[in-house]
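Inside the fold
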Amino acid sequence: MEIKNNLILALDVLSGKKAIEICNQLTEYIDTIKIGYPLTLAEGISIIGILKEKFDFKVICDYKVADIDATNSKICNQTFKAGADAIICHGFVGSDSVQACFNSAKKYDKELFLLTEMSHPGAKEFLQKNADAIAQMGVDMNIKNYVAPATRLDRLREIRNIVGNDAYIISPGVGKQGGDAKKTLKYANAIIVGRSIYESDNPKIACENLIKTLK
Ligand code: O7M
């Protein structure tokens with residue numbers, strides 16, 4: 001996936017109006033947004049199509065799909081039918097569940113991102129112990145796209161080592177969660193940034209300033 005400025009906006013706002021207001025300010029800098037449950041539950045799945053029609057953005061749906069294979073297929077199919085360019089699934093549920101998501105992505109000619117280790121402190125309790133194996137599972141399944149944390153660069157580097165340089169890693173945790181944008185991009189292809197842009201008094205300037213730090 002080609003992502004402008006290697007920056008994905010995490011649009012976890014709670015209304016379509018607010019989402020459109022933020023996007024309107026950022027079209028110069030951003031061509032890819034990530035939406036998740038906050039905005040989808042507030043507005044319904046039609047928000048994907050609304051945003052895609054208004055802006056020429058790629059939309060990654062962060063539904064962290066984590067169910068049995070049959071249910072995962074239904075979730076992914078509905079998401080792609082609604083216009084998503086990509087969906088994110090969890091890896092801890094195992095290869096049959098992940099394969100169902102991958103099959104759906106292939107059927108709709110869209111992308112799947114496999115979430116390995118998460119960025120928050122709680123990820124150390126259970127997920128981290130299995131993150132390398134999750135990443136390896138992705139490699140064995142020929143998955144190309146991954147999510148790995150900006151908050152622990154040693155772990156991000158290790159996951160990069162496992163998935164290889166041809167894989168595409170997007171990385172959340174920059175800004176509010178403490179991760180550094182430039183350092184993260186040593187190992188990741190793109191960063192995911194939410195609150196430090198959309199909660200800022202001036203999202204456009206916040207975005208512009210962040211991009212300057214990447215040069
Ligand atoms: O910049 P923030 O902290 O406001 O937002 C980060 C976004 O990335 C937010 O949408 C989180 O739900 C998401 N995220 C994480 O913060 N950590 C993870 O480990 C994984 C994700 C994510 O995008 O999952 C796919």
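An unreviewed UniProt entry annotates the protein chain as Orotidine 5'-phosphate decarboxylase originating from Methanobrevibacter oralis. What the UniProt record of the protein chain gives under Sequence similarities (unreviewed entry) is the line "Belongs to the OMP decarboxylase family." In its Catalytic activity (unreviewed entry) section, the UniProt entry covering the protein chain states "orotidine 5'-phosphate + H(+) = UMP + CO2".

Topic: helix 6 (residues 128–140)
Between its terminal C-alpha atoms helix 6 stretches 19 Å, which fits the 18 Å expected from 13 residues at 1.5 Å a residue. For helix 6, the full list of buried residues reads Ala-131, Ile-134, Ala-135, Met-137 and Gly-138. All buried residues of helix 6 project into a common sector of 155° when viewed along the axis, lining one side. Structural note: helix 6 exposes Lys-129, Ala-133 and Asp-140 on the side pointing more than 90 degrees away from its buried face. Buried-residue contacts for helix 6 involve helix 5 (95–107), strand 5 (111–115), strand 6 (145–147) and helix 7 (153–163). Directly after helix 6, the chain includes Asn-142, whose backbone phi takes a positive value near 65°.

Description of the packing of helix 6 against helix 7
One can describe the packing of helix 6 onto helix 7 by two numbers: an axis separation of 9 Å at closest approach and a directional angle of 25°. Viewed along their axes, helix 6 and helix 7 adopt a mutual orientation that is roughly parallel. Handedness of the helix 6/helix 7 crossing: right-handed. Note on element contacts: helix 7 touches helix 6 through Arg-155, Glu-158, Ile-159, Ile-162 and Val-163, opposite Gln-128, Ala-131, Asp-132, Ala-135, Gln-136 and Val-139.

Here's the deal with the pairing of strand 5
Among the 5 residues of strand 5, 4 are classified as buried, and the element is accordingly described as predominantly covered. For strand 4 (residues 86–90) and strand 5, the ladder comprises 5 bridges, and the chain directions are parallel. Note that in strand 5 the partner of Cys-89 across the bridge is Leu-114. Considered for its hand, the β-α-β crossover made up of strand 4, helix 5 and strand 5 is right-handed.

Considerations on the UniProt feature "active site" (unreviewed entry) in the protein chain
Listed under "active site" (unreviewed entry) in the UniProt record, and renumbered for this structure, are Asp-62, Lys-64 and Asp-67. Narrowing the list just given to those that line the largest pocket leaves Asp-62 and Lys-64. Position of Lys-64 among the secondary structure elements: in strand 3 (residues 58–65). In this structure Lys-64 touches Ile-88, Cys-89, His-90, Leu-115 and Met-118, once residues within four positions along its chain are discounted. One polar contact links Lys-64 to Asp-62, side chain to side chain, over a distance of 2.8 Å. The topology assignment puts Asp-67 in the loop between strand 3 and helix 4 (69–81).

What counts, and where the lines are drawn
- Residues numbered from 1 in each chain as written.
- Predicted model: local features only at pLDDT ≥ 70, side-chain atom pairs only at ≥ 80, totals over all residues.
- Heavy atoms only, no water.
- UniProt positions renumbered as here; feature names shortened; annotations may be inferred.
- Helix = DSSP H or I, 4+ residues; strand = E, 2+ residues; numbered from the N terminus.
- Expected span 1.5 Å × (residues − 1).
- Buried < 20%, exposed > 50% of the residue type's maximum accessible area, 1.4 Å probe, protein only.
- Arc of directions from axis to C-beta.
- Contact = heavy atoms within 4.5 Å.
- Axes fitted to C-alpha atoms, helices over the stretch in contact; angles between N-to-C directions.
- Parallel < 35°, antiparallel > 145°, perpendicular 65-115°, else oblique.
- Left-handed = near helix turned anticlockwise from the far one by under 90°.
- Pairing = 2+ DSSP bridges.
- Right-handed = clockwise from strand over helix to strand, strands pointing away.
- 1 Å grid on protein atoms, 1.4 Å probe; cavity = no way out; pocket = protein on both sides within 12 Å on 5 of 7 lines; lining within 4 Å.
- Polar contact = N/O pair within 3.5 Å; in protein donor to acceptor, adjacent residues only side chain to side chain.

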